[in-house]
Amino acid sequence: MNWKRKPTLHEGAVMGMVLLCHLSTALEVPLDLPQPPTITQQSPKDYIIDPRENIIIHCEAKGKPAPSFSWTRNGTHFDVDKDHNVMTNPNSGTLMINTSEEKAEAYEGVYQCIASNEHGTAVSNNIVIRQSKSPLWSKERNEPITVQVGVSLVLHCRPPVGLPPPIIFWMDNNFQRLTQNSRVSQARNGDLYFSNVVTEDTRNDYICYARFPHTQTIQQKQPITVSVLNDRPAGQRMPSFMYPSGANSTTMVLRGETLELECIADGLPTPDITWTKVNGDLPRDRFSFQNFQKMLKITEVTEADAGDYHCLAKNHLGGTLHIITVVVKSAPFWISAPQNLILAPKENGMLACKVGGNPKPTISWFVNGVPIENSSRDTSRKIEGNSIILSEVQKGSSAVYQCNASNEYGYLLANAFVNVLAEPPRVLTPPNHLYQVISNRQAMLDCASFGSPIPKITWFKDGQSISDGDPYILQKNGSLQINVAQPLNSGKYTCMATNDLGSKENHVHLEVKEPTRILKQPEYKVVQMSSMAVFECKVKHDPSLTPTMTWLKDDGELPDDERFVVDVDSLTINDVTQEDAGTYTCIMNTTLDQDRASAMLTVVDRPDPPRDLELTDQRERSVQLTWTPGDEHNSPIHSFLIQYEDLLHEPGVWYNLTETPGTSTMAHLDLSPYVYYSFRVLAQNEVGLSEPSSPSGQYRTSPAQPDENPSEVKGAGNKPDNMVISWRELSGLHSNGPGLRYNVSWRQKDTDEDWKSVIVANVSEYVVTETHTFVPYEITVQAINDYGEGPQPEVVVGYSGEDTPMVAPGNVKVLVQSSTQAEVHWEPIPPSTIRGKSLSYKVYYWKERSLLNEESKAEEPQELTFSGNETKGRLLYLHPYSQYSINVRAFNGRGDGPHSTDQKFETPEGVPGPPAFLRITNPNLDSFTVEWGPPLDDNGRLTGYMLRYQPVNNTEELKEMTLQANETSVVLDSLKYSTRYKFFLNAMTIKGSGPDVTTVVTIMDEALIRQPAVEAGKARPIGPVFGSVNYSMEEDHAIINWEYSGDENNVYVEYMVDNSKEGWKREAVNGSRTYQLKSLKAGMTYRVRVVAKDHADATVHSTEELLIAVPAMTSREVDIATQGWFIGLMCAIALLILVLLIVCFIKRNKGGKYPVKEKEEAHQDPEIQPMKEDDGTFGEYSDTEDHKPLKGSRTPSNGTVKKDDSDDSLVDYGEGGDGQFNEDGSFIGQYSGKKEKDTAEGNESSEAPSPVNAMNSFV
């Protein structure tokens, strides 16, 4: 069977591998249904084979039943069974030809595959099999070529004709490609063109090579020798075209192929080539210039590319134009290829074959591989134009139709079957398929179906029918499209396929997920070398999706370097280097979407040192220094520091000379004489100074006399009879010449004395001896070297050495002004006795004794200093009623002079200090005792005490009592119970009353005293139930401690933020006397109190408020007590001790008896003991039985057994008069006397009870 085909094959095609064409139809029929054959794979039309390999010609097809295969070769049947070199696989039409026994060229020809079953026949394209060829170069002798300079030249390659055509290139004997440029270039046919030759073109190894791609062989032409002479050189000339010739040419190109237009011109100078299209522009994005503008290349040619193209060759002498007319032809191409038809009986259909081409293709129809005009007559079909119309098809009329479109440039062949079926609907999409999309993106729910007639697709969501319209779009293929999916679109969808034979439904599910978003993007970073860079990338994503974070550097993978640490939401780069600079991108991927963000890392560093230092414009006292800056390392240089080294005087020591702006690369330097200079430069940016540059060359300046004299000239004696003249020596840089020395001159000021001089060297001071004490001298120091003297020196005034003052101040008097102040007066010493530069006075005074106590000891002297022009001073803070001594002396820089005769004076009496203490004892219903201590500072003879008191917050008058000086207590009666009183006490002398000492106390309510009898072994305290309260701050909590003697069990710690409107917060303490308050915030101040409440939750007792300032949080040091290993060790030790105690307890109590009855009898009818009359304390309840150890129990080392809290009495908390009241009347008796009180009692973190305590709990 011969199909019309393109007469000339594409000889430009290069087949590097076997190309396979995969055909697909527009409508797929399930393979379990009857259907005609369909070609699914075949070899390309033009198939060039490698003769060294076996030949494989592909042909695969599908159908039901499975198709059988046959082949034709060159238009006749090819019986593969009779050729033992040809093999096929079952159910496959692919031919495998073994060429090991038969040459490949024996199998060249035109092959066609035929696939058939009972429903029809499909055929493949004509497959032309040709063997690749790489023939040898024909033998030829290349004569040497001799040309004159400037002429044009063409070296012909003329490669052998191969299949496919070879690739041409020119090389020399060393296999190096010859250099090509606008003057020398290779044409498309392989020839080497010279627009004009030069003497350098002379060589004997111009070699043309041809590489054949299929066989991977290279053929070589004989070398060509070219000699270029320069005895009669060609002159300059206008361009003329070497290729193509003439003024016009025509080129034909097929649609879709690549157009290559070439223009090569000679001329001197070498011409430039430009391209334009007449009446149009070159096609954008499809054209390019190659081969040094000598070739215009246009890809994917269309009919619009036809027309005239101008190629212009031009140099400064003129230009030449060549017009290339491009004609575009076209092999057949599909406009609409025929598609498979599935028709139910009695249905109509149409097969259309629409093609284009130039010239217009001829269309032929075939049925099952037979021309339609030669096939059996079928009244249900007819041909109209390029289409076949099918009407009321019958079952059993299935067939495969072929459309062949051909013209002189090629052909197209398409198979399309007509399958007549009656089939109920089936849904091909998998059931219950889950679709997941991101919110605001498109969702496409598939409903692939099959049936004959073609089923109609209907969609439902949650049982409701879906109509075509926003937001849903029903596609022609049955898919449901949601352009902008929202969370409310999630749910269950049902698609139903229906035709005349039935219906079928399928369920799918849609989940709309939240998009992945980067909330915190990485930010631009500028970091220094060797530091750390951290990029953050915090992401939000749908919680049901698993995210994956990926980091890229410059769109590539991160370097495989442990310095790069990728965390959950960050990238850390440690010890940053210059190579780390770049763009870093974080990508958060889920299975449905991704988000990315990028940031740049700039690595800055100190600049590289400047280089290429050069000294120019060299003069006697100046030079110009230039340099080249080094790399700035991404931080601009803002200044250059120039340093110098004096190789003559201080080799190896560099000094800063000057600075220049960062934009400057030169500096004019002023120099000193007699210096061997070497310079270096340092660059500075925001990071720091660079390393120094390499030193410049040495530059020496000539010697000269000094330009300056020593500085800081001074004269001062260190002894009374000398004067030390000192100065700051000149450096070697300022010596200006060799032999540096100093002329030191001096004379006494304001005299006719002559100048005295001395010349010294290598020193910075000179001592003048035998001077008068502290007299002025005029001093000069002049620099001298071997080339002369320095400038006239400046005269400086100095002084010879000081001596201490000769006499003491006279007529010292003291005027006492009050009990604590006095004023001292003196007469200054004569100026002639000062003997020093400055004068001051010192006043020494001290307390010898108190006038009240003859045996008091003298105090250490105190010192006051006054300037030399003062003659009096004030003495403050003296002790009243005391005797003092005083003297005055003068002093100068040398030291103190003699002091004056000691003078004595006395201070009068003053008011006394406050009493040492004030406390309340022996409280009763309407009376108690007030006690106090004498003042620590009497400040005179006490005349008595004044006691005042009144109820707090009451308008009653203040009551006063005057007490004798020898009294230290008083009993107050007739006081009101349940009343708070405030007391004021002060001591008095004849000078008046001293400051008060105060206290506040509450007289207890009568109801508090008259209480019912209490349990045996208990005594109810009378008076305030709360004693002292205090606190301590730990690292993260406050510990509150208090004393409590009441019966109420509802005790709380209450707290609130100071100056806050919030109410009190409270925490129960469960009978404890210590509580850890852990709810306090750092940096806040709290008011804290401890309260006792009754059963109605009313406050009956309260401590005074504490003001607790919680410190701000500080960085915590590692505490060994918080370390896991330490806690584990302590727990093990505690457990071991507990086990040992239990074992010992069991052994001690084995067989013992517990005297419960004795203890019960001992505690019958307890009584509250009356107050003792002698000291006002409460009587102590005592029972000797309570202190006897139990039988079989362990006794503490001190011989006592701890009692339970129920056994406590007031005696446990205070002895005798130690019980006190604080200002609000609450009892503050001390715990120091408590008998064996458990310090850990009530503490939430207290230790577990020991076996002894466990036994005592039964008492």
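Residues numbered from 1 in each chain as written. Predicted model: local features only at pLDDT ≥ 70, side-chain atom pairs only at ≥ 80, totals over all residues. Heavy atoms only, no water.

Draft legend 1. Representation of the pattern of salt bridges within the structure. Counted by the stated rule, this structure contains 43 salt bridges. We note a salt bridge from Asp305 to Arg286, for which the minimum N-O separation is 3.0 Å. One end of the pair, Asp305, is in the loop between strand E27 (295-298) and strand E28 (307-315); the other, Arg286, is in the loop between strand E25 (272-277) and strand E26 (287-290), with 19 residues separating them in the sequence. The exposure class assigned to Asp305 is buried, which follows from its relative accessible area of 3%. The network of salt bridges with shared partners includes Lys520, Glu523, Glu536 and Lys538. (Salt bridge = Lys/Arg side-chain N within 4 Å of Asp/Glu carboxyl O. Helix = DSSP H or I, 4+ residues; strand = E, 2+ residues; numbered from the N terminus. Buried < 20%, exposed > 50% of the residue type's maximum accessible area, 1.4 Å probe, protein only.)

Draft legend 2. Representation of the side chain of Ser439 within the structure. Note on placement: Ser439 falls in the loop between strand E40 (433-438) and strand E41 (443-445). Setting aside its immediate chain neighbours within four residues, Ser439 contacts Ala485, Gln486, Pro487, Val512, Lys513 and Pro515. (Contact = heavy atoms within 4.5 Å.)

Draft legend 3. Focus on the nonpolar core. With 28 residues, the main nonpolar core has Ile57, Trp71, Leu95 and Tyr111 as its most contacted residues. Elements represented by at least two residues in this core include exactly strand E3 (46-49), strand E4 (55-57), strand E5 (59-64), strand E9 (95-97), strand E10 (109-117) and strand E12 (127-131). With three residues, E10 is the largest single contributor of residues to this core. Those residues in contact with Ile57 that lie beyond four places of it in its chain are Ser43, Tyr47, Trp71, Gly93, Thr94, Leu95, Ile97, Tyr111, Ile127 and Ile129. Listed in part, the 21 residues of the second largest apolar core include Tyr1055, Tyr1075, Leu1080 and Val1110. (Core = buried A, V, L, I, M, F, W, Y, C linked by side-chain atoms within 4.5 Å.)

Draft legend 4. Expanded view of the sheet that holds strand E43 (residues 456-461). Here we have five strands laid out as an open sheet, ordered E40-E48-E47-E43-E44, and mixed in their pairing. Of all strands in the sheet, those bounded by a partner on one side alone are E40 and strand E44 (464-466). Strand-to-strand twist of the sheet, defined as the mean angle between neighbouring strand axes without regard to direction, takes the value 35°. Strand direction decides the pairing type here: E43 and E44, joined by three bridges, are antiparallel. Across the sheet, the residue bridging to Trp459 is Ile466, located in E44. (Pairing = 2+ DSSP bridges. Axes fitted to C-alpha atoms, helices over the stretch in contact; angles between N-to-C directions.)

Draft legend 5. Fine view of the packing of aromatic side chains. Under the counting rule described, the total for this entry stands at 25 aromatic pairs. Taking the centre distance of 5.9 Å and the plane angle of 80° together, the rings of Phe78 and Tyr111 count as edge-to-face. Of this pair, Phe78 sits in strand E7 (residues 76-78) while Tyr111 sits in strand E10, placing them 33 residues apart in sequence. For the residue pair Phe78 and Tyr111, the accessibility class agrees, reading buried in each case. Residue placement shows Arg73 over the ring face of Phe78; its charged tip is 5.9 Å from the ring centre. Note that Arg1089 overlies the ring of Trp1064, its terminal NZ or CZ placed 3.9 Å from the centroid. (Phe/Tyr/Trp six-rings, centres within 6.5 Å; stacked < 30°, edge-to-face > 60°. Lys NZ or Arg CZ within 6 Å of the ring centre and 35° of its normal.)

Draft legend 6. Structural view of the state of the cysteines. In total, this model carries six disulfides according to the counting rule given. Linked covalently through their sulfurs, Cys157 and Cys208 form a disulfide whose S-S length is 2.0 Å. Across the S-S bond of Cys157 and Cys208 the torsion is about -70°, and the bridge reads as left-handed. Taken as a pair, Cys157 in the loop between strand E14 (153-155) and strand E15 (167-171) and Cys208 in strand E18 (residues 203-212) lie far apart in primary sequence, 51 residues in all. Like Cys157, the residue Cys208 is buried in the burial classification. (Disulfide = S-S within 2.5 Å.)

Draft legend 7. How the structure looks around the side chain of Thr833. Among the structural elements, Thr833 can be located in the loop between strand E75 (822-827) and strand E76 (840-850). Reaching out from Thr833, the side chain makes a polar contact with the backbone oxygen of Pro830 at a distance of 2.6 Å. Other than its neighbours up to four places away in sequence, Thr833 contacts Pro805, Met806 and Val807. (Polar contact = N/O pair within 3.5 Å; in protein donor to acceptor, adjacent residues only side chain to side chain.)

Honestly, it's all geometry; don't read function into it.
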